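# An overview of the molecular structure
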Amino acid sequence: MSQHAASKKSHGNHWPIVVALIAGVLVGVILQPYAHPAGGGEAPGWLTQMLEIFRFVSDLFLRGLKMVIVPLVVASIISGIAGLKSLEGFARMGLKTWAYYILGSLVAVCVGLFMVNTIKPGLVEGKPNPTLKAAMDSALNSKSGAEVGNLMKNASGGASSLLDIVRRMIPTNVIEACAKGDLLAIIFFSILFAVAMVLVPGGPPTALRDLFNQLADVMTLITTWVMKFTPLAVFCLVIPAIAEVGLGILQNLVPYVLTVVGALVLYTFGILPLVLKAAGASPRKHFRNMGDSMLMAFSTASSTATIPVTMRCVMEEAKVSERVCSFVIPLGATVNMNGTALYECVVVVFAAQVLGIDLSLSQQFIVVLLALVSSIGVAGIPAASLVAIIIIMQNAGFSEDQIKASLGLILTIDRPLDMARTTVNVFGDTVGAVVIAKSEGEKLDE
Ligand code: ASP
């Protein structure tokens, strides 16, 4: 995006989205008993059709956002780097960004570990909660068993080790990577391409540079068109997400939900503001500037789908440069998942508590390490971390049936928690963009 386009002041009014979100939650809550009739029957036909319509509308919106992502990311990265006079400092920025991501996720995991070991949501009076254990057993035999089975298959086929992640960064076919929306490979190739443009003898080819500048502007304009539908889309996205939560067991899951939400809140409102302050930014202003992006992350439960909105907030509201934003935000949406890392840790320890598995110190260390690494490999789409959780459980010594039972229980309340952790994932990226921009000496509106 050219600085010209980025400097246009945006519409920072979040109220229509907030109202849509609240209305969506209310309608979802009203529909919830019909979606899960007492006695366990099927949902009535009218409700299924109604939810189908909501899904259809929100799908159109999500497809619109996703349509923008690849050209926007490619054009922004290339125009951000190719506009530099020299590449001095670019490697330094890369290193700082990675250091921030890894440190941020490590702290998040520690917050999760601390909360789950303090609240002990899987225990009552020091013993595994029998109601939750019974719910796990019935989950093992229920219809969610098939869903869990599919997840387990994905986990065995798609385990992401650190080496896999590095390997995936280099595309064998750039067109294929774009077609599949493989962001890590796209980011890598775009950086390589832009660096080559700067270093090509005779200086950056102007026609090529103008092309990517203008492409970024056009994609930004399309993003603002798509975003005009945000309130309607948020309303439609939230209704099925809330209506389909299984409330039956929810009462017993309250301590677990409070542990996850409490840890996310502690990290977002306790730790990240300290980071912002240390970087010389105003946390209050940053929260206000990132309103659209956080609301969008919450409603879509997808860091990737939120990229266009996040980039707009970071550049237009916080006034972070295109050079920093175009690198830190798409990469962050792909590899920096503070909320997910924290969540994975809480889930595994919680399940161990319910199942009566005593995780030794070295097993807890494995959980921390794997939560950290797998959060880098997790895709920025809804429910993506469930596969990572299976892998962590396998490595921490859970049996196959224990994993299936745990997942069956967790799935009942996963979507709202996914919305919450995705918001933290995205907010963590925006804090990263501000920290890096400040460290590069940029003057921000924060
Ligand atoms: N939904 C999350 C995201 O897009 C990933 C996950 O934790 O499942 O960031």
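Relevant structure appears above.
In what follows, the accompanying structure is described. (Residues numbered from 1 in each chain as written. Predicted model: local features only at pLDDT ≥ 70, side-chain atom pairs only at ≥ 80, totals over all residues. Heavy atoms only, no water.)

What follows concerns helix 19 (residues 385-395). Extensive coverage of helix 19 is indicated by the burial of 9 of its 11 residues. Taken as a whole, helix 19 has its buried residues at S385, L386, V387, A388, I389, I390, I391, I392 and M393. Of the residues trailing helix 19, G397 is marked for its positive phi of about 95°. (Buried < 20%, exposed > 50% of the residue type's maximum accessible area, 1.4 Å probe, protein only. Helix = DSSP H or I, 4+ residues; strand = E, 2+ residues; numbered from the N terminus.)

What follows deals with the site of the ligand. Around the ligand, the surrounding shell holds 16 residues, and the nearest of these are S303, T340, D418, R421 and N425. Note that a nitrogen atom of the ligand is positioned 2.9 Å from one of the backbone N or O atoms of A301. With respect to the ligand, the side chain of D418 contributes an N or O atom lying 2.7 Å from a nitrogen atom. Considering each element in turn, the shell around the ligand owes the most residues, 4 residues, to helix 21 (residues 414-439). Each residue belonging to the shell around the ligand can be placed in one class, and the counts come to 7 nonpolar, 7 polar and 2 charged. (Near = heavy atom within 4 Å. Polar contact = N/O pair within 3.5 Å; in protein donor to acceptor, adjacent residues only side chain to side chain. Nonpolar A, V, L, I, M, F, W, Y, C, P; charged D, E, K, R; others polar.)

All chains considered together, the criterion is met by 3 cavities of 30 Å³ or more. Of the pockets and cavities examined, the largest cavity occupies roughly 70 Å³. No other element matches helix 21, which puts 4 residues into the lining of the largest cavity. Residue composition of the lining of the largest cavity, grouped by class: 7 nonpolar, 7 polar and 2 charged. (1 Å grid on protein atoms, 1.4 Å probe; cavity = no way out; pocket = protein on both sides within 12 Å on 5 of 7 lines; lining within 4 Å. Points joined across faces, edges and corners; volume = space filled by probe spheres on them.)

Bringing the packing of helix 17 (residues 338-355) against helix 18 (residues 361-377) into the picture now. It is at 8 Å that the axes of helix 17 and helix 18 come closest, and there the two elements cross at 145°. The handedness of the crossing between helix 17 and helix 18 is right-handed. Along the contact surface, helix 17 presents T340, A341, E344, C345 and V348, while helix 18 presents V367, L370, A371, S374 and S375. (Axes fitted to C-alpha atoms, helices over the stretch in contact; angles between N-to-C directions. Left-handed = near helix turned anticlockwise from the far one by under 90°. Contact = heavy atoms within 4.5 Å.)

Let us look at the environment of Y101. Position of Y101 among the secondary structure elements: in helix 4 (residues 90-119). Those residues within four positions of Y101 in sequence are excluded, and the remaining contacts are V328, L331, G332, V335, N336 and N338.

Before going further, it helps to spend a moment on the packing of aromatic side chains. All told, the structure shown has 10 aromatic pairs when counted by the stated rule. Measuring from centroid to centroid gives 6.4 Å for W98 and Y101, while their planes differ by 75°, and the two rings are edge-to-face. Of this pair, W98 and Y101 both sit in helix 4, separated by 3 residues, roughly a single helical turn. W98 sits in the partly exposed class, given a relative accessible area of 28%. Taking the centre distance of 4.3 Å and the plane angle of 25° together, the rings of Y256 and F350 count as stacked. Pair noted here: Y256 is in helix 12 (residues 250-278) and F350 is in helix 17, with a separation of 94 residues, a long-range link. The same class applies to Y256 as to F350, namely buried. The structure contains a cluster of three or more aromatic residues connected by ring pairs, namely W98, Y100 and Y101. (Phe/Tyr/Trp six-rings, centres within 6.5 Å; stacked < 30°, edge-to-face > 60°.)

Turning to the side chain of S326, a few remarks are in order. Tracing the backbone shows S326 in helix 16 (residues 322-335). Reaching out from S326, the side chain makes a polar contact with the backbone oxygen of S76 at a distance of 3.4 Å. At 2.8 Å, the side chain of S326 and the backbone oxygen of E322 are in polar contact. With residues up to four places along the chain from it excluded, the contact list for S326 reads S76, I77, G80 and M311.

Moving on, we come to the pattern of salt bridges. Tallied over the entire structure, the rule returns 13 salt bridges. In this structure, K96 engages E440 in a salt bridge whose closest nitrogen and oxygen atoms are separated by 2.5 Å. Of the two residues, K96 sits in helix 4 while E440 sits in the segment after helix 21, which places them 344 residues apart along the sequence. Take K96: its relative accessible area is 24%, and that puts it in the partly exposed class. (Salt bridge = Lys/Arg side-chain N within 4 Å of Asp/Glu carboxyl O.)

Now for unusual backbone geometry. Peptide bonds are mostly trans, and most non-glycine residues show a negative phi. Backbone geometry places K120, a non-glycine residue, at a positive phi of 50°. One non-glycine residue, A383, adopts positive backbone phi at about 65°. With respect to the secondary-structure elements, A383 resides in the loop between helix 18 and helix 19. When its relative accessible area of 27% is taken as the criterion, A383 is described as partly exposed.

All right, on to the packing of helix 18 against helix 19 then. Two numbers describe how helix 18 lies on helix 19: the axes approach to 10 Å, and their chain directions differ by 155°. On the basis of the axis angle, helix 18 is roughly antiparallel to helix 19. The two elements helix 18 and helix 19 meet at a crossing, and its hand is right-handed. Two secondary-structure elements touch here, helix 18 through I366, V367, L370, A371 and S374 and helix 19 through A388, I391, I392 and N395. (Parallel < 35°, antiparallel > 145°, perpendicular 65-115°, else oblique.)

Nonpolar side chains in soluble globular proteins generally cluster together in the buried interior. Core analysis: the largest hydrophobic core is formed by 123 residues, its most contacted members being Y256, V320, M393, F398 and L407. Here Y256 is in contact with P121, Y343, V346, V347, F350, I410, I413 and L417, once residues within four sequence places are set aside. Counting residues in hydrophobic clusters, the runner-up holds 10 residues, among them I17, A20, L295 and M419. (Core = buried A, V, L, I, M, F, W, Y, C linked by side-chain atoms within 4.5 Å.)

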